[in-house]
Amino acid sequence: MACQSVAAVMDEQALLGLNPNADARYRQRAMAYFEQLKESQDAWEVCAEALAKGIYNDDHVKFFCFQVLEHQIKFRHAGLSAVQQQLIRETLMKWLQCQLMNNQPEKPFIRNKAAQVFALTFVMEYLTLWPKFFFDILSLVGLNPHGVDIYLRTLMAIDAEVVDRDILHSPEETRRNTLIKDGMREQCIPHLVESWFQILQTYQQSHPELTCQCLEVVGAYVSWIDLNLIANDRFVNLLLSQMSVEELREEACDCLFEIINKGMDPVDKTKLVESLCQVLQSAGFFNVEQEEDVDFLAKFSRLVNGMGQSLVLSWTKLAKAGNVKDAAETLQAVEAKVPLLLQLLVHEDDDISANIVGFCYEYLHVLKQLPQLTDQQKTNIEAVMLAVMKKLTYDDEYNFENEGEDEAMFVEYRKQLKMLLDRLAQVSPELLLEAVRRVFTNTMQNWQTAPFMEVEVAIRLLYMLGEALPASHGAHFSGDTAKTSALQDMMRTLVSCGVSSYQHSSVSLEFFETVVRYDKFFIVEPQHIPNVLMAFLDQRGLRHNSPKVRSRVAYLFSRFVKTLHSVDSKHMNAFIEDILTRIQDLLELAPPENGFLAMLTSDDQLFMFETAGVLIVNSECPAERKQALMRSLLLPLMDVFRLLLAKLLQETEEERQASLADCLSHAVGFASRTSKAFSNKQTVKQCGCTEVYRDCMQTFLPALSCPVQRGVLRSSVRSFLHRMIICLEEEVLPFVPAASEHMLKDCEAKDLQEFIPLISQITAKFKRQVSPFLQQVFMPLVLAIFEVLARPAEDNDQAAALEKQMLRRSYFTFIQTVTGSGMNEVMANQGAENIERVVFTIIQGAVDFPDPIAQKTCFIILSKLVELWGGKDGMVGFPDFIYKHIVPACFLAPLKPTFDLSDAQTVLTLSECSLTLKMIHLKRGPEFIQFLQQEYLPSLQVSPEISQELCQVIQQPDIKVLKNYIKAFFQRAKL
């Protein structure tokens, strides 16, 4: 009967929608039904009945019923009646009873969901309604495998709810979880541990998957229960026996790792680790080379790592406490593990090796703290060095042309090994230097016949010494003579032995990386510069057959040239024109034809143009020669630019237009990049290059009026203008008005946002020189901004809203630049109507837009305007404006609900608001105080006492007092 009544109550049509293959209509109905059952006072009870009586066979319906139950327990438990809470407990126990009798277990996803619901019920009721939770489950389950499975899954789900530190809990939940753990320790943990022992013993042969689950539970719980319950002969011997069972040993390893990781007294920890090691060693686990199962060895390596790190931690605590005897014993225990550490570190499987790096690193840290090293410790250091050197080596499978996940993992592993190398350098720099020198010299003597991986790692080790043995500002070739001469010898060998011709991209890259890392070597031995320059310029470097090598070398060559020029340009001087000739074809603009394979990408060419600029600007030749060289560098770009711009104006196909625009943009970018070579010591004017860059300006500016591909072209020309304002100084000014006019036509929010910094840069740099131009461009720019801001946008278009917000900020920043640059006349000469319009937007920005960054800028502007125009000889009518609009803004903005006084940025805005009030008092004096006391503050219903208090604070000299008072004033007002 119950079956029929439930079927009548449950919406069978909706249940059809739970099937993943059901159509959208049914799925929608199922979702609606789910919401209905969740929110109902008692409709969910049909799900409880369905689970308790096993009415449905469909897995999706069972899962659904558990979800409904989960919602009740998680979110509505406190509102359930005692009868309903009892119903949940009975439902779970009846469902569990059914599991014991089923031939087949439920699907794992249903068992996991059931375990979650059990765990949630436990969390809600253990301390109050169901203290016998575990006793009830264990007495029902006994040693039935289906029941044990649910019990173990429930324990893991409880761990996730109550213990897992990765899950964030509220303070209330944390308190509750502490009480639950305390209650469990007192009432049931010994019984649970006993049940785990029985499960591990009973099922290790017949049900290895249950045994593994149980080992996982022990590992999870051992961190917070009494360790003596687990770390005893009976339990540990059982775990060790399972280390020998193939299906169990990985989980047994993890379980032992968690036991070792448990925080405890250092002497006890040493004893525990040592007793465990003794048993493992006598059982043959330390014979790593005889073990073929790499997955197990990775787990074993992690266990040894845990044991090693635990011993190091114990030694550190004992040494700090001055416990000499126990510290010495613990250090002995650490040393005894080093042979095993080395076997695992040097293992051919990188995962096994990576898992022991932590112990190795900390062992070296211990050695670093010892006053003197024994011969054995020195031998250990050398063994670690050899292991690191061996493991740094690439294997045959590494795919250099198409690096995937395996390659990325090896790169990460190499970073770990580098940490070990750096630590080795701190422990014994002499030993490391000598070991690297030996490997490097032997390899370089036979590089023609050596495999690429050996050659690469030998150069790599030399490269790594640069960081492992630090030197101030890369000065590796001065100071300590032993180090200096060793590095100098190795560098001399590197650049003269011919290894730069080795035919493998990894060796080529390592060669150039190392040359650039030790570029100061060439100042000490400049005779090697020609050979290295040739390596950069020919098929070994910039013309290598690998695009990856060419690309990296373009960047490294730029760095190399810059360093040599900045330190000692005379050694480079003889080669400048030869280099420029040799790289000429690499400076050609790649045509926009599809299928053209350029030697370098446009990004790489940026470095090449910068390098060419550095060579020309820093050469010792006269200004006329520099001008001629710079013109021959930039003229081809100008010629191609004119040609391509004419093509673009006639092109109708959009894809072709885009590739032409990209090409034009690259030409401008390349010209721009050459200007990075100039400095305060070598200006454009001093190098005689003003005219060349002015010609570039005249060539590039027409692109601003191009009707197609405006975004790309404007952006590149605008960047060029930014550079020219820095380099050409006032020579750029004649070009600015026409450029501005073009950039203000048909512009979008983004265009204006990018144009305003240009105008601000000009304003800040040239000030009075550009006053006439600013007066002329001011209103057109402001009107263009107003027009874009007034354009309608969709309510939910977040991108457009953000763009407008950023434009509004840029606009206020521009006004701030103008008012702050001492050019009062720029705004003053715009006519009363325009001034009023602009100043109203500042008031609006200060009050109406909940954007503290913009509001802060607005108050800075208002303060400045009061300073400029608010005094006796200020602008006519402005004092009225102060009282009607600026003073109210200072009070209305902070009173807005969106003005959040707990936000740091908003507090800065409030500070500027306080400074504005202070400035008004400075300019208007007692008249302002009278206005506040008699008119404005009474209109806000501020009491006379508070009003008088505020006015007194405004009149005292300490601005900090005013800021603090204003903050408190508005905090009170908002209560």
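Residues numbered from 1 in each chain as written. Predicted model: local features only at pLDDT ≥ 70, side-chain atom pairs only at ≥ 80, totals over all residues. Heavy atoms only, no water.

J.: Before we go on, may I ask you to explain the overall build of the protein chain in this structure?
T.: Per the secondary structure count, the protein chain includes 48 helices and 0 strands. For a compact globule of 975 residues, the expected C-alpha radius of gyration is about 30 Å, and the protein chain comes in at 38 Å, more than 25% above that figure. By principal-axis analysis of the C-alpha atoms, the protein chain measures approximately 95 × 90 × 65 Å. Every one of the 975 residues in the protein chain was classed for burial, and the buried ones make up 51%. When contacts within the protein chain are restricted to residue pairs at least 6 apart in sequence, long-range pairs at least 24 apart make up 73% of them. Roughly 44900 Å² of accessible area belongs to the protein chain as shown, and the carbon and sulfur atoms make up 52% of that amount. The positive charge centre, built from 93 side chains, and the negative charge centre, built from 123, are 6 Å apart in the protein chain. (Helix = DSSP H or I, 4+ residues; strand = E, 2+ residues; numbered from the N terminus. Rg over C-alpha atoms; globule rule 2.2 N^0.38 Å. Buried < 20%, exposed > 50% of the residue type's maximum accessible area, 1.4 Å probe, protein only. Contact = heavy atoms within 4.5 Å. Areas by Shrake-Rupley, 256 points an atom, 1.4 Å probe, with all protein chains shown as cover. Lys, Arg positive; Asp, Glu negative; His and termini not counted. Charge placed at Lys NZ, Arg CZ, Asp CG, Glu CD.)

J.: I tried to follow the nonpolar core on my own but got confused; where do I start?
T.: With 341 residues, the main nonpolar core has Met 184, Trp 196, Phe 300 and Phe 891 as its most contacted residues. Discounting chain neighbours no more than four positions away, the residues touching Phe 300 are Met 243, Cys 253, Leu 280, Phe 285, Phe 286, Val 288 and Leu 340. (Core = buried A, V, L, I, M, F, W, Y, C linked by side-chain atoms within 4.5 Å.)

J.: Got a minute to help me understand unusual backbone geometry in this structure?
T.: Note on backbone geometry: most residues besides glycine have negative phi, and most peptide bonds are trans. If you check the backbone angles, Gln 709 has positive phi at about 50 degrees while not being a glycine. In this fold, Gln 709 is placed in the loop between α35 (690–700) and α36 (710–727). You can call Gln 709 partly exposed: its relative accessible area is 22%. Phi is positive for Glu 729, which is not a glycine, with a value near 55 degrees.

J.: Teacher, can you tell me more about helix α20 (residues 357–369) here?
T.: It helps to recall that an α-helix has 3.6 residues per turn; residues three or four apart then point in one direction. The end-to-end C-alpha separation of α20 is 19 Å, in line with the 18 Å expected for 13 residues at 1.5 Å each. Taken together, the buried positions of α20 are occupied by Val 357, Phe 359, Cys 360, Tyr 363, Leu 364, Val 366 and Leu 367. Packed against the buried residues of α20 are α16 (294–320), α17 (324–336), α18 (338–345), α19 (350–354), α21 (375–391) and α22 (405–427). (Expected span 1.5 Å × (residues − 1).)

J.: Got a minute to help me understand the side chain of Arg 718 in this structure?
T.: With respect to the helices and strands, Arg 718 occurs in helix α36. For Arg 718, a relative accessible area of 4% corresponds to the buried category. The residues touching Arg 718, leaving out its near neighbours within four places in the chain, are Met 743, Asp 751, Glu 754, Phe 755 and Leu 758.

J.: Looking at this structure, I do not really get the UniProt feature "domain: Exportin-1/Importin-beta-like" (unreviewed entry) in the protein chain. What am I missing?
T.: The UniProt record annotates "domain: Exportin-1/Importin-beta-like" (unreviewed entry) at residues 108–256. Helix makes up 73% of residues 108–256 and strand 0%. Its end C-alpha atoms lie 27 Å apart. (UniProt positions renumbered as here; feature names shortened; annotations may be inferred.)

J.: Looking at this model, I keep getting lost on the side chain of Lys 181. Mind explaining?
T.: Following the sequence through the fold, Lys 181 ends up in helix α10 (residues 171–187). Among residues more than four places away in sequence, those in contact with Lys 181 are Val 162, Val 163 and Trp 224.

J.: Looking at this model, I keep getting lost on helix α33 (residues 623–650). Mind explaining?
T.: In this model, α33 (28 residues) spans 40 Å end to end at C-alpha, consistent with the 40 Å of a helix rising 1.5 Å per residue. The largest bend in α33 amounts to roughly 30 degrees and is located at Leu 634, with the proline Pro 636 lying one to four residues further along. Every buried residue belonging to α33 is among Lys 626, Leu 629, Met 630, Leu 633, Leu 634, Leu 637, Met 638, Phe 641, Leu 644, Leu 645 and Leu 648, and all of these are buried. Residues of α33 that are buried make contact with α31 (576–582), α32 (602–617), α34 (654–674), α35 and α36. (Bend = angle between axes of the 7 residues up to and from the residue.)

J.: Would you mind going over the packing of aromatic side chains with me for this structure?
T.: The way to describe two aromatic rings as a pair is by their centre distance and the angle between their planes. For the structure on display, the rule yields 48 aromatic pairs. On the basis of an interplanar angle of 40 degrees and a centroid distance of 5.5 Å, the ring pair of Tyr 221 and Trp 224 is categorised as tilted. Residue classification places Trp 224 among the buried residues on the basis of a relative accessible area of 7%. Through a chain of ring-to-ring contacts, three or more aromatic side chains come together here, namely Phe 511, Phe 512, Phe 521, Phe 522, Phe 536, Phe 557 and Phe 560. The ring of Tyr 463 carries the charged tip of Arg 517 above its face, separated from the ring centre by 4.0 Å. It is Arg 808 that lies over the ring of Phe 849; its NZ or CZ is 3.9 Å from the centre. (Phe/Tyr/Trp six-rings, centres within 6.5 Å; stacked < 30°, edge-to-face > 60°. Lys NZ or Arg CZ within 6 Å of the ring centre and 35° of its normal.)

J.: I'm lost on the confidence of the model for the protein chain in this one. Help?
T.: Predicted coordinates in areas of low pLDDT are best not read in detail. Scored by pLDDT, the protein chain has a mean of 90; 98% of the residues are at 70 or more. Contacts for the low-pLDDT stretch residues 1–8, under 50 throughout, to residues beyond four places or in other chains number 8 contacts. (pLDDT = per-residue confidence, 0-100.)

J.: For this particular structure, what's the right way to read the pattern of salt bridges?
T.: Oppositely charged side chains are able to pair whenever their charged atoms sit close together. For the coordinates displayed, the defined rule picks out 49 salt bridges. Taking the shortest distance from any N to any O, the salt bridge between Arg 185 and Asp 182 comes out at 2.8 Å. Here the residue Arg 185 and the residue Asp 182 both occupy positions in helix α10, the gap between them amounting to 3 residues, near one helical turn. With a relative accessible area of 36%, Arg 185 lands in the partly exposed category. Looking at Asp 182, the relative accessible area reads 32%, which means it is partly exposed. A salt bridge links Asp 489 to Arg 437; the nearest nitrogen and oxygen atoms lie 2.6 Å apart. Taken as a pair, Asp 489 in helix α25 (residues 481–496) and Arg 437 in helix α23 (residues 429–445) lie far apart in primary sequence, 52 residues in all. Overall, Asp 489 belongs to the partly exposed group, its relative accessible area being 25%. A single network of salt bridges, built from pairs that share partners, joins Asp 59, Lys 62, Glu 106 and Lys 107. (Salt bridge = Lys/Arg side-chain N within 4 Å of Asp/Glu carboxyl O.)

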